[in-house]
Amino acid sequence: MTLLAIIFFALMFAGLPIAFAIGIAGFSFFVFSSSIPASIGVQQIATTSQSFPLLAVPFFVLAGHMMNRTGITPRLITCSNALVSWMAGGLAQVCIVLSTLMGGVSGSAVADAAMEARILGPEMMAKGYSRGFTGAVIAVGSLITATIPPSLGLILYGFVGNVSIGRLFLAGIIPGFLMMAAMMLTVWLVARKRGYRAESAQPPSFRVVMRAVYDAKWALLFPIILLVAIRGGIFTASEVGAFAVIYAVFVGVVLHRELTFEGFRAALAEAVEDIGVIMLIILLSGMVGYAVIFEQAPQTVAAALLGLSSEPVVVVLLILFFLFIAGLFIESTVLVLMLAPIFVPIVTRLGVDPVHFGILMMSVVTLGGMTPPVGVAMYAVCGILRCPVEEYFRESLPFLLAIILVIVGLAFLPGVVLFLPNLFG
Amino acid sequence: MPPIHVVLEEFVAKALLAAIVVLVFLAAAARTFGHPLIWSVDLAQLLFVWLCMLGANKALRRKSHIGVDFFVLRLPTAMRRIVEIVLGLLTLGFLGALAYLGVRLTLLNAERIYGDSGISYAWVTGAVPVGCVLLALTLIGHLVRCLRGGALVFLREDAPRPVVE
Amino acid sequence: ASYELNINTALTTDDPIYKGLERLRDRVAERTGGELAIRIFPGSQLGKDEDVLEQARAGANVAVVVDGGRLAVFVPEFGVLGGPYLVSGFDQVRKIVTSPMFDAWNAKLKAASGHTALSFNWWQGDRNLLTNRAVTGPADLAGVRMRTPGAPVWMETIRAMGATPTPMGWAEVYPALQQQVIDAVEAQTPAAYGARLYEVTSHLTKTAHISLITGLVTSAAWVDSLPAEMQTALKEESLAAGDYASGLTGESIVALEADMASKGMTVTEIDVTPFREATAGVYELLGYTELKQTIDAMLAE
Ligand code: NA
Ligand code: NA
C-alpha cells in the first residue's frame, strides 16, 4: 500500500496525467503480489466499467453538453441578471445565482466554472472587479453547481459507497442553497468594502423578473422533473440520466427550437472526450480499489480512526479535515473512488446516515478542486482569466471560509441535510 | 480534414454514446409498459466499455487528460521535456503490459458468458487490450513529435493554464 | 501462515453462510496449526462471482460461494442443481452433492476450467415468492413482473410459473419494488429478510420452487499446491462447515419467517402441485431430461 501511494504521488507531481499515475500505481500491486496474477489487473479495469450506476456518468456529461446547445444557458443568465444584478457586487452575485440555476441542469463544477469564466469573466474584469476576485467567485461558486442535483460527484459516491443516488440528489438541494446564501453574503461584504457596485440602482420590476423566469422555465423545471421521474417509479436513479439526455434534446428541438443537427453532433463529440477523461481515471483506479480491499486497508484505517474517538461527529469532522488536506493535492474523482469505500462503512457503523456523510464528503473533495496547488476548477478558471494562482488564492480565502463554515454546520445538523430525502424518499 | 482513422474513431464513439442512451431509455420505457427487454441494458453496458476506451484515446490525442502541471511548469523547458519523455516511455511500458496481459486473460476465460445474454464476456475484457493498443499508438505519435523537438507529450502548449509568477 | 485462502461471498456478515465460513476459518487454522490462514470478504468485496471465478482460474488464491448456474458455462451438469422442484429439503440435495456423480462433475470442472469445488453443501434455503397479492396458483401470476436472476434456468422456471421474469441486480430490488418498477420477487428467506423486502411486499408464498444449494469453489492449481494433508483438512472442514451453515440456515428461516409475519407479512404454505406441474417441462427445455431421470433414480434409492 505504501509503495502504491509513493508511486502515485511521484508520478502525479511529475506531471503524468492522473489516470496513468493511478493506473501505474494500482498495477504495481499486481506486479509485486505473489498470489494474485498480474492479468487480474486487466480484469479490474474491465469489471469497473460493468456497473449500471456508473452509466449515469456518460448520461449526465452528455446531458450537460446538450443543454449548452439548447439555449438554456443564455436564458439562465438573463434570469440571474434580473434576480440579483441590483445588489451590491451585482455581477458577482449574478455569477453565484447562475451557478445555482446551472446546478439544476449540469452535474459538473468544472464545466460550470469554465463556462462562467468565459462568458461572465471578461465583463466582470472590465467593470473593475479584480482578476483574483472574479476567479474566486466563479471557481468556488461552481461548488454549488456540483451540490444541487444532478451531481456527478454524488453519483460517484453513490456508486462506490453503495448509497441511494435518488436520496443523495434530494439531500443536495438544501446544502446547495445554503452555500449560495453564504457565498452571496460574502460577496456583499467584500463588495461593500471595495465599492463594487450594483448594476442598476433599484430592484427590477416584478414583471421583468417573471418574464425572465418564464423564459427559463424548461431549465428551471428540469431538476424537478428529474426528481419526480426517480420518485414516481418511471426510472431507477441509474436510468434517469438517459432520460435527462432525451429531455435536453426535446427542449432543444421542440420547445426552444435552437438545437441543430450540427449542435447535436458537437455535443456528442464534446461528451465523448469528457467521458474519456473521467472514465479512464475511474477504470484504471479499479486496480487500486482491489488492492485497497485485498490489503484490508479499510479495517486498518477504521481501527486507527476509532482509536482517536468514537463520537460520531468527532470522527466525521476528523475525516472531513483529512479529506480537506488530501483535497488540496488530489483530484476529487480520485478521492471519492479511493476513500468512499473506506469511510462509508466506518461512519455507517457509528450511526451516521451515509447520505448525510455523502453530502459532506462530496462538498469537501469538490472544494479541493478550487484550492491550490492541485485543483481542476481552479486551473480551468485561472487559465481562462489568465489569473496568477497566488492572486486567486488570496481572493478565494473569504469564500473558502464561508463554504467551510456551511459544511461544518451541516456536519452538526443532519436533520437539515436529510430533511428532503426523509420527506420524499 | 483529420486522417481517416481519426474520423472513423470519432464516428464510432459518437454512435456508441447515442446508442447507449437510447438502449437504457428504451429499457426503462419497455419495463414501464410491462415488456422488460432483458438484453437492452446488458448491451448498453457492453458498449460502454468500448466508448470509454475510444473516448480515452480521443482525449489522449487531444492531450485533454487532467494532470498536475503545478510543479512541472516551474521547470526549465529542456528539463520539462526530459521529464515528459521519461513519463511517456513508462506509460508506454504500462500500456504494453496491460495489452499483453489483457489478450492472455481474454483467451483464458473465453467461456465466460456476458451477464445472461449468451455472448462471450471476451467482448468486455477484450476492450481493455484493444484500448491500450490504441492509447499506446497515440502515445508513440506524441513521443515521436516530442523527440523531434516539437510539442510536449502530455501537456497541451496552447491549453489555458494558470500563470506562474 | 505459509498459505492463505481469500474467500469471497455476496452475503453479509449476519448470514448463516458467513457464520459457516467463520467456522471454516477457525477450524482450518486449528487443524493446520495456523499454516493455512483463511480471510473472508463479505459483500462481494473481491468482485462479482464471475470475476472471482476468473481470478481463481488465473491461479489466484481466492474462493467464492456460488450456485451451480455459475459453473454451468464450464460443465453444463452443474446447471441442473437450480432446476425447479429438483429436491425437497436439504437432506436430498446434500445426497446429490456428495454422490460419486457429483465427484465426476467436479473432476470435469477441473479439466474444463481449472476450478474445483471444496464442498457444495452450503444450503441457502428454498426460494419462495414475495408479492403484493395472494398467490395460490400460476393464474395469480399472470402479468406479474417478477425479479429473478437472469440465468436461463431461473428465467424459464419463473415464466413456467406464470409470471413475467424481470432480471435486475439484487441491490436494485428494494427501490424497484417500492417504486413499483417490478411487482414481485422470488428469493430465499434469509436474503429476502436481509434486504428488508417485508417492507415493500405483503405476501410470502412458500412455493419452494428452487432449493438454493451453493458451493465453495476455488483454483484447482492452488489446492494442488498445498501439502496433501492440508488439502484433506481443507476439504473435510469445508464439508463440515457447509453442514453447519445449512443447519443454521434451516433454523434461521423459521425465526425469520415468524418475524416477517409479526411485521405484518402474510406467510402462506400452499399446495405446490400446480407449480410443480407447470414447471415440469423446464428440464426438457434446457436439455436436462436424462440427467433429471438419473437424479430422480438416485434420490429414490
Ligand atoms: Na448539479
Ligand atoms: Na486542491
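Since the model is a prediction, treat every value here as computed from it, not as a measurement.

### Here we look at the overall build of chain A
Move 1: For chain A, the count of helices and strands is 22 helices and zero strands.
Move 2: When its C-alpha atoms are laid out on the principal axes, chain A stretches across 70 × 45 × 45 Å.
Move 3: Here chain A holds 425 residues, and the buried ones make up 64% of them.
Move 4: A separation of at least 24 residues holds for 80% of the contacts in chain A among residues at least 6 apart in sequence.
Move 5: Averaged over its 19 positive side-chain charges, chain A has a centre that lies 9 Å from the centre of its 18 negative ones.

### Considering the overall build of chain B
Move 1: Of the regular secondary structure elements, chain B holds five helices and zero strands.
Move 2: Across chain B, helices and strands are ordered from the amino to the carboxyl terminus as α-α-α-α-α.
Move 3: With respect to the principal axes defined by its C-alpha atoms, chain B has extents near 65 × 35 × 30 Å.
Move 4: Of the contacts formed within chain B by residues at least 6 apart in sequence, a portion of 71% connects residues at least 24 apart.
Move 5: Of the accessible surface of chain B, which amounts to about 7,500 Å², a share of 73% is contributed by carbon and sulfur atoms.
Move 6: Within chain B, one finds 15 positive and 10 negative side-chain charges whose respective centroids are separated by 5 Å.

### Some points on the coordination of the sodium ion (ligand 1)
Tetrahedral coordination by four donors sets the ideal angle at the metal to 109.5 degrees; octahedral coordination by six donors sets it to 90 or 180 degrees.
Residues and elements named next belong to chain A.
Move 1: Within the protein, the sodium ion (ligand 1) binds to Gly103 (O), Ser106 (O), Thr145 (O), Ile148 (O) and Pro150 (O); these donor distances fall in the range 2.2 to 2.4 Å.
Move 2: When the donor residues of the sodium ion (ligand 1) are listed from N- to C-terminus, their spacing reads G-x2-S-x38-T-x2-I-x1-P. Residue serine 106 is located in the loop between helix H6 (90-103) and helix H7 (109-119), and its partner isoleucine 148 is located in the loop between helix H9 (131-147) and helix H10 (152-161); the two are separated by 42 residues in the primary sequence.
Move 3: Under the relative-accessibility criterion, isoleucine 148 is labelled buried at 6%.

### Some points on unusual backbone geometry
Most of the time, phi is negative for any residue but glycine, and the peptide bond is trans.
Move 1: Proline 149 of chain A connects to proline 150 of chain A through a cis peptide bond whose omega is -5°.
Move 2: Its place among the elements puts proline 150 of chain A in the loop between H9 and H10.
Move 3: Residue glutamine 296 of chain A is not a glycine yet carries a positive backbone phi of 55°.
Move 4: In this fold, glutamine 296 of chain A is placed in the loop between helix H15 (261-294) and helix H16 (297-308).
Move 5: Notably, alanine 208 of chain C is not glycine yet its phi reads approximately 45°, a positive angle.
Move 6: With respect to the secondary-structure elements, alanine 208 of chain C resides in strand E8 (residues 203-219).

### A word on the interface of chain C and chain A
Move 1: Chain C puts 19 residues into the contact, and the matching count from chain A is 22 residues.
Move 2: Between chain C and chain A we count seven residue pairs in polar contact (both at pLDDT 80 or more) in total.
Move 3: For the side of chain C that touches chain A, the secondary structure elements donating two or more residues are strand E1 (3-8), strand E2 (36-41) and helix H2 (49-57) of chain C.
Move 4: In terms of residue count, the dominant contributor to the side of chain C that touches chain A is H2 of chain C (three residues).
Move 5: Of the residues that constitute the side of chain C that touches chain A, the class distribution is six nonpolar, seven polar and six charged.

### Quick word on the interface of chain B and chain A
Reports often express the size of an interface as the amount of accessible area lost when the parts come together.
Move 1: Contacts between chain B and chain A engage 62 residues on the former and 64 residues on the latter.
Move 2: Interface of chain B and chain A: buried area, both sides summed, is about 5,600 Å²; carbon and sulfur atoms make up 77% of it.
Move 3: The largest per-residue losses of area from chain B upon contact with chain A belong to Ile66, Val68 and Phe94 of chain B, which jointly make up 12% of the total buried on that side.
Move 4: Here chain B and chain A share two salt bridges between them.
Move 5: A salt bridge links glutamate 273 of chain A to arginine 62 of chain B, with the shortest nitrogen-to-oxygen separation between them at 2.4 Å.

### Observations concerning the UniProt feature "transmembrane region" (unreviewed entry) in chain B
Residues and elements named next belong to chain B.
Move 1: Following the UniProt record, the feature "transmembrane region" (unreviewed entry) maps to residues 12-30, 36-56, 82-101 and 121-144 here.
Move 2: Here residues 12-30 runs as 100% helix and 0% strand, with 26 Å between its end C-alpha atoms.
Move 3: For the annotated span residues 121-144, helix accounts for 92% and strand for 0% of the residues, and the straight-line distance between the end C-alpha atoms is 36 Å.

### A closer look at the nonpolar core
Move 1: Counting residues in each nonpolar core, the largest one holds 259 residues, and the members touching the most others are Leu284 and Phe357 of chain A together with Phe120 of chain C.
Move 2: Looking at this core, the element that brings in the most residues is H15 of chain A, giving 18 residues.
Move 3: Not counting residues within four places of it along the chain, the set of residues in contact with phenylalanine 120 of chain C comprises Val66, Asp67, Gly68, Leu71, Phe78, Leu81, Val97, Phe102, Ile213, Thr214, Gly215 and Val217 of chain C.

### Details of the side chain of lysine 206 of chain C
Residue and element names in this part refer to chain C.
Move 1: Following the sequence through the fold, lysine 206 ends up in strand E8.
Move 2: At a separation of 2.8 Å, a polar atom in the side chain of lysine 206 contacts the side chain of glutamate 257.
Move 3: A distance of 3.4 Å separates polar atoms of two side chains, one belonging to lysine 206 and the other to glutamate 269.
Move 4: What lysine 206 contacts, discounting residues up to four positions off in sequence, is Asn128, Glu257, Val267, Thr268, Glu269, Ile270 and Val272.

### Brief notes about the confidence of the model for chain B
Close reading of the predicted structure is inappropriate where its pLDDT is low.
Move 1: Confidence in the prediction for chain B averages 89 pLDDT; 95% of positions are at 70 or higher.
Move 2: Interface predicted TM-score (ipTM) for the complex: 0.91; the corresponding pTM is 0.89.

### What to know about the pairing of E2 of chain C
Residue and element names in this part refer to chain C.
Move 1: Burial within E2 is extensive, with five of its six residues counted as buried.
Move 2: Where E1 and E2 come together, six bridges link them in parallel fashion. Counted as the bridge partner of glutamate 4 is alanine 37 from E2.
Move 3: A crossover connection joins E1 to the parallel E2 through helix H1 (residues 16-31); in handedness this β-α-β unit is right-handed.

### Some remarks on helix H14 (residues 240-255) of chain A
Move 1: Every buried residue of H14 of chain A is listed here: Val240, Gly241, Ala242, Phe243, Ala244, Val245, Tyr247, Ala248, Val251 and Gly252 of chain A.
Move 2: Of the surrounding elements, those touching the buried residues of H14 of chain A are helix H4 (56-68), helix H5 (72-84) and helix H13 (217-231) of chain A together with helix H1 (4-32) of chain B.

### Some details on the pattern of salt bridges
Residues and elements named next belong to chain C.
Move 1: Evaluation of the coordinates by the stated rule reveals 31 salt bridges over all chains.
Move 2: Of the charged contacts in the structure, one is a salt bridge between lysine 108 and glutamate 77, with a shortest N-O distance of 2.5 Å. Linking lysine 108 in helix H5 (residues 100-113) with glutamate 77 in the loop between helix H3 (68-71) and helix H4 (90-97), this pair joins segments that are 31 residues apart in sequence.
Move 3: Where arginine 196 meets glutamate 199, a salt bridge forms, and the shortest distance between an N and an O atom there is 3.2 Å.
Move 4: We classify glutamate 199 as partly exposed; its relative accessible area is 43%.

### Focus on the packing of aromatic side chains
Move 1: Following the criterion strictly, the structure yields 27 aromatic pairs over all chains and no others.
Move 2: Grouping aromatic residues by their ring pairs yields a cluster made of Phe29, Phe30, Tyr290 and Phe294 of chain A together with Phe41 of chain C.
Move 3: The positively charged end of lysine 217 of chain A is found above the aromatic ring belonging to tyrosine 214 of chain A, 3.9 Å away from the centroid.
Move 4: Over the aromatic face of phenylalanine 294 of chain A sits the side chain of arginine 39 of chain C, whose NZ or CZ is 4.8 Å from the ring centroid.

### Considerations on the packing of helix H11 (residues 165-194) of chain A against helix H21 (residues 389-412) of chain A
To characterise two packed helices, one gives the angle between the axes of the helices and the distance between these axes.
All names here are of chain A.
Move 1: Axis separation between H11 and H21 bottoms out at 9 Å; the angle between their running directions is 145°. When the axes of H11 and H21 are compared, the crossing they make is right-handed. Between H11 and H21, the contacting residues are Pro175, Leu178, Met179, Ala182, Met183, Thr186, Val187 and Arg194 on the first element and Glu395, Pro398, Phe399, Ala402, Ile403, Val406 and Leu410 on the second.
Move 2: For the contact of H11 with H21, a count of residues per class yields twelve nonpolar, one polar and two charged.

### Here's the deal with a nonpolar patch on the surface
All names here are of chain B.
Move 1: On the surface, a nonpolar cluster with roughly 500 Å² of combined accessible area is contributed by Val22, Leu26, Leu37, Ile38, Trp39 and Leu43.
Move 2: Taken together, the elements giving at least two residues each to the nonpolar patch come down to H1 and helix H2 (38-61).
Move 3: A total of three residues in the nonpolar patch trace back to one element, the largest contributor, which is H2.
Move 4: Take valine 22: its relative accessible area is 42%, and that puts it in the partly exposed class.

### Digging into the packing of H9 of chain A against helix H19 (residues 354-367) of chain A
Residue and element names in this part refer to chain A.
Move 1: Closest axis-to-axis distance for the H9/H19 pair is 10 Å, and the angle between their directions is 145°. In terms of crossing hand, the pair formed by H9 and H19 is right-handed. Contacts between H9 and H19 involve Val140, Leu143, Ala146 and Thr147 from the first element and Met362, Ser363, Thr366 and Leu367 from the second.
Move 2: Residues that form the contact of H9 with H19 fall into these classes: five nonpolar, three polar and no charged.

### Details of helix H5 (residues 127-147) of chain B
Move 1: Between its first and last C-alpha atoms H5 of chain B spans 30 Å; for 21 residues at 1.5 Å apiece the expected length is 30 Å, and the two agree.
Move 2: Turning to H5 of chain B, its buried residues are Ala127, Val128, Pro129, Gly131, Cys132, Leu135, Ala136, Thr138, Leu139, His142, Leu143 and Cys146 of chain B.
Move 3: Among the structural elements, helix H3 (39-48) and H15 of chain A together with H2, helix H3 (77-108) and helix H4 (122-125) of chain B are those in contact with the buried residues of H5 of chain B.
Move 4: In the segment just after H5 of chain B, glycine 149 of chain B is the residue with positive phi, at about 90°.

Cut-offs used in this document
Residues numbered from 1 in each chain as written. Chains lettered and ligands numbered in written order. Predicted model: local features only at pLDDT ≥ 70, side-chain atom pairs only at ≥ 80, totals over all residues. Heavy atoms only, no water. Helix = DSSP H or I, 4+ residues; strand = E, 2+ residues; numbered from the N terminus. Buried < 20%, exposed > 50% of the residue type's maximum accessible area, 1.4 Å probe, protein only. Contact = heavy atoms within 4.5 Å. Lys, Arg positive; Asp, Glu negative; His and termini not counted. Charge placed at Lys NZ, Arg CZ, Asp CG, Glu CD. Areas by Shrake-Rupley, 256 points an atom, 1.4 Å probe, with all protein chains shown as cover. Donors = N, O, S within 2.8 Å, 3.2 Å for Na, K, Ca; no water. Polar contact = N/O pair within 3.5 Å; in protein donor to acceptor, adjacent residues only side chain to side chain. Nonpolar A, V, L, I, M, F, W, Y, C, P; charged D, E, K, R; others polar. Buried area = accessible area lost by both parts, 1.4 Å probe. Salt bridge = Lys/Arg side-chain N within 4 Å of Asp/Glu carboxyl O. UniProt positions renumbered as here; feature names shortened; annotations may be inferred. Core = buried A, V, L, I, M, F, W, Y, C linked by side-chain atoms within 4.5 Å. pLDDT = per-residue confidence, 0-100. Pairing = 2+ DSSP bridges. Right-handed = clockwise from strand over helix to strand, strands pointing away. Phe/Tyr/Trp six-rings, centres within 6.5 Å; stacked < 30°, edge-to-face > 60°. Lys NZ or Arg CZ within 6 Å of the ring centre and 35° of its normal. Axes fitted to C-alpha atoms, helices over the stretch in contact; angles between N-to-C directions. Left-handed = near helix turned anticlockwise from the far one by under 90°. Patch = residues over 30% accessible without salt bridge, like charges linked within 9 Å, V, L, I, M, F, W, Y side chains within 5 Å. Expected span 1.5 Å × (residues − 1).

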